Amino acid sequence: MRWFLTSSLLLLTFLAVRPAAAQTHEELYGDYITPETQAILERHEQAMREVEAAEAAARARKTLILAVSGLIGLIPVGVIGLQILKEKTWKDNPGGTVRALGTAFAGGLVLFGLNYGVLYLKFKYGDAFNTALAFLIVAGLIVGCIYLLRGK
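So, here's what we can say about the structure. (Residues numbered from 1 in each chain as written. Predicted model: local features only at pLDDT ≥ 70, side-chain atom pairs only at ≥ 80, totals over all residues. Heavy atoms only, no water.)

Some thoughts on the packing of aromatic side chains
So, step 1. Counted according to the given criterion, the structure contains three aromatic pairs.
So, step 2. Centre to centre, the rings of phenylalanine 112 and tyrosine 116 are 5.9 Å apart; their planes meet at 15°, and the pair counts as stacked. With phenylalanine 112 and tyrosine 116 both in helix α6 (residues 94-125) and four residues apart, the pair spans about one turn of that helix.
So, step 3. Taken together, a centroid distance of 6.4 Å and an interplanar angle of 50° make the contact between tyrosine 120 and phenylalanine 123 tilted. In this pair, tyrosine 120 and phenylalanine 123 are both assigned in helix α6, three residues apart and thus about one turn of the helix distant.
So, step 4. Within the aromatic cluster, the residues linked to one another by ring pairs are Phe112, Tyr116, Tyr120 and Phe123. (Phe/Tyr/Trp six-rings, centres within 6.5 Å; stacked < 30°, edge-to-face > 60°. Helix = DSSP H or I, 4+ residues; strand = E, 2+ residues; numbered from the N terminus.)

Below, the structure written as C-alpha cells:
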C-alpha cells in the first residue's frame, strides 16, 4: 500500500511538472514581456536564422570548392590512364606504366592542393585576395616544371 501511494504521488508530481517544462519562454513569461522585450526576442531569433543560413551557405561553398578541386586533380590521372589504355603500355613496359601512374597521381595531388588553396583563399578573403596573381604564380610553377623536365 505504501509503495502504491509513493508511486502515485511521484506520477502526479511528474504529470504536474511536465506541461510547464514544455512551455516556451513567451508562454511562461507572457504577462511580463513588454513590447520592447518582444522586439528584442524577435531580432534575436531573426539573427539566429541569418547565422544558420550563412553557415549553411559557407558549408555548401566549401563543398563546391572541394569538388571542383578534386575534379581538376583527377585530370592528369585520367589523361595518363586513357593514354595507357589506348597504347596498352602495361604489356611492353609495366614498370614505366606504374611510374607514369604514380607521377600522374602526384601531379594530380599538387593540382588539387594548388586549386583548393587558391579557391579557398578567394572564398575566405574575397576581393582582398588577388586571384590573378595566384594563378600567374601557379602557371609559372607549371611552366618552370615543364622547362626543367624538357631540359634533360
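Next comes the rest of the description.
Re α6
One turn of the α-helix equals 3.6 residues, which is why residues spaced by three or four share an orientation.
So, step 1. When the terminal C-alpha atoms of α6 are compared, their 46 Å separation across 32 residues agrees well with the 46 Å that a helix rising 1.5 Å per residue should span.
So, step 2. Along α6, the residues that are buried comprise Gly96, Thr97, Ala104, Gly108, Asn115 and Val118.
So, step 3. Looking at the buried residues of α6, the elements they touch are α3 (35-73), α4 (75-87), α5 (89-92) and α7 (131-150).
So, step 4. Looking at the residues trailing α6, positive phi occurs at glycine 126, about 65°. (Expected span 1.5 Å × (residues − 1). Buried < 20%, exposed > 50% of the residue type's maximum accessible area, 1.4 Å probe, protein only. Contact = heavy atoms within 4.5 Å.)

Some remarks on α7
So, step 1. If you check α7, its first and last C-alpha atoms are 29 Å apart, about what 20 residues at 1.5 Å a residue would give, namely 28 Å.
So, step 2. Within the span of α7, buried status applies to Thr131, Ala134 and Val138. Buried positions in α7, seen along its axis, are confined to an arc of 75° and lie on one side of it. Pointing more than 90 degrees away from the buried face of α7 are the exposed residues Leu136, Val143, Tyr147, Leu148 and Arg150.
So, step 3. The secondary structure elements touched by the buried residues of α7 are α6. (Arc of directions from axis to C-beta.)

By themselves, these observations are geometric and do not establish any function.
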